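Residues per chain, in single letters:
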Amino acid sequence: VQLQASGGGLVQAGGSLRLACAASGRTFSVYRMGWFRQAPGKEREFVAHIEWSAGSTYYTDSVKGRFTISRDNAKNTMYLQMNSLIPEDTAVYYCAAAAYSGSYYIRSDDYNFFGQGTQVTVSS
C-alpha cells in the first residue's frame, strides 16, 4: 500500500486546514488508517484513526472537538479536517495504514504503512 499525504500549509491560529491521504496499491487489505504528527524535537504522536469499512473513529484528547477524521472508500482517500488550529498543532503530519485487526492503533508500530509527511504550521 502506498500513501500520499497532502493539504498542509501555513495558517493563522483559529484557522482551518484539511489534509488528505490517498491510498493506492493493495488497498483492499487496509483495515484501519490513522494520522500521526511530529513536532520539531518531539516524538511522533498519534492524532486520530478510522476503521476503513465501518468508519468508527478515535481521537487523542488534545484534538477532540477540533479535528474530524473521515474517509471516502470510493476514492481510497482519508481526510483530516482541522478546525480551531492552535500553534501547538504545528507539526509534520503523517498518514498511516494498518492491514490487520486487533490493536489499539495508537502507536506507530501498530501500522504497516506510512506516507510522507505534510507540514502544518500554525502562526500565533
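All of the points below concern the structure found in this document. Everything numeric here is computed off the predicted structure, so don't read it as measured data.

By the definition in use, this model includes eight aromatic pairs. Seen from their ring centres, Phe36 and Phe46 are 5.8 Å apart, and the 75 degrees between their planes marks the pair as edge-to-face. Of the two residues, Phe36 is situated in strand E4 (residues 32-38) and Phe46 in strand E5 (residues 45-51); the sequence distance between them amounts to 10 residues. Taking the relative accessible area as the measure of exposure, Phe46 reaches 8% and is therefore buried. Plain terms: the ring middles of Phe46 and Tyr58 are 6.0 Å apart, the flat faces sit at 25 degrees to each other, and that makes the pair stacked. Here Phe46 is found in strand E5, whereas its partner Tyr58 is found in strand E6 (residues 57-59), with 12 residues between them in sequence. Aromatic rings pair up to connect Tyr31, Phe36, Phe46, Tyr58, Tyr100, Tyr105, Tyr111 and Phe114 into one cluster. Positioned above the aromatic ring of Tyr94 is the side chain of Arg44, whose terminal nitrogen or guanidinium carbon lies 4.1 Å from the ring centre.

This part takes up the nonpolar core. Membership of the largest hydrophobic core comes to 29 residues, with the highest contact counts inside it found for Trp35, Met78, Leu80, Met82 and Tyr93. Secondary-structure elements contributing two or more residues to this core are strand E1 (2-6), strand E3 (17-24), E4, E5, strand E7 (67-72), strand E8 (77-82), strand E9 (91-98) and strand E11 (118-123). Counting six residues, the second largest nonpolar core, distinct from the first, contains Phe36, Phe46, Tyr105 and Tyr111.

Right, let's get into the sheet that holds E8. Spatial strand order, E1-E3-E8-E7: four strands in an open sheet with antiparallel pairing. One side of each edge strand has no neighbouring strand; the edge strands of this open sheet are E1 and E7. For this sheet, the mean angle separating the axes of adjacent strands, direction not counted, is 15 degrees. Across five bridges, the pairing between E1 and E3 is antiparallel. By the bridge assignment for E3, Ser6 is matched with Ala20.

On to the pattern of salt bridges, then. With the rule as written, the count across this model stands at six salt bridges. Among the ionic pairs, Arg37 bridges to Asp89, the shortest N-O distance being 2.9 Å. Linking Arg37 in strand E4 with Asp89 in the loop between E8 and E9, this pair joins segments that are 52 residues apart in sequence. Across this residue pair, the class does not change: Arg37 and Asp89 are buried. Between Arg107 and Asp110 there is a salt bridge, and its shortest N-O distance comes to 3.0 Å. Beyond isolated ion pairs, a larger network of salt bridges with shared partners links Arg37, Glu45, Arg66 and Asp89.

Each value, and the rule that gives it
Residue positions are given per chain, counted from 1 along the sequence in the order it is written. Under the rules for a predicted model, residues below a pLDDT of 70 receive no local features and side-chain atom pairs below 80 are neither given nor counted, while totals for whole chains, interfaces and linings still include all residues. The side-chain figures draw on all heavy atoms in the structure; neither hydrogens nor water molecules are used. Pairs were defined over the aromatic rings of Phe, Tyr and Trp, the Trp ring being its six-membered one, requiring ring centres within 6.5 Å. Orientation was assigned from the angle between planes: stacked under 30 degrees, edge-to-face over 60, tilted for the rest. Where helices and strands are cited, they refer to DSSP runs of H or I of at least four residues and of E of at least two residues respectively, numbered from the N terminus. A simple rule labels every residue: compare its accessible area, found with a 1.4 Å probe on the protein chains alone, to the largest value its type can have, and call it buried under 20%, exposed over 50%, or partly exposed in between. In this scheme, the term charge over a ring applies when either NZ of a lysine or CZ of an arginine sits within 6 Å of the ring centre and within 35 degrees of the ring normal. Residues enter a nonpolar core if they are buried and are Ala, Val, Leu, Ile, Met, Phe, Trp, Tyr or Cys, with the set joined through side-chain atoms within 4.5 Å. Here a strand pair is declared whenever DSSP counts at least two bridges between the two strands. The convention used is that axes are lines fitted to C-alpha atoms, helices contributing only their stretch in contact, and that angles between N-to-C directions extend from 0 to 180 degrees. For salt bridges, the criterion is a side-chain nitrogen of Lys or Arg within 4 Å of an Asp or Glu carboxyl oxygen.

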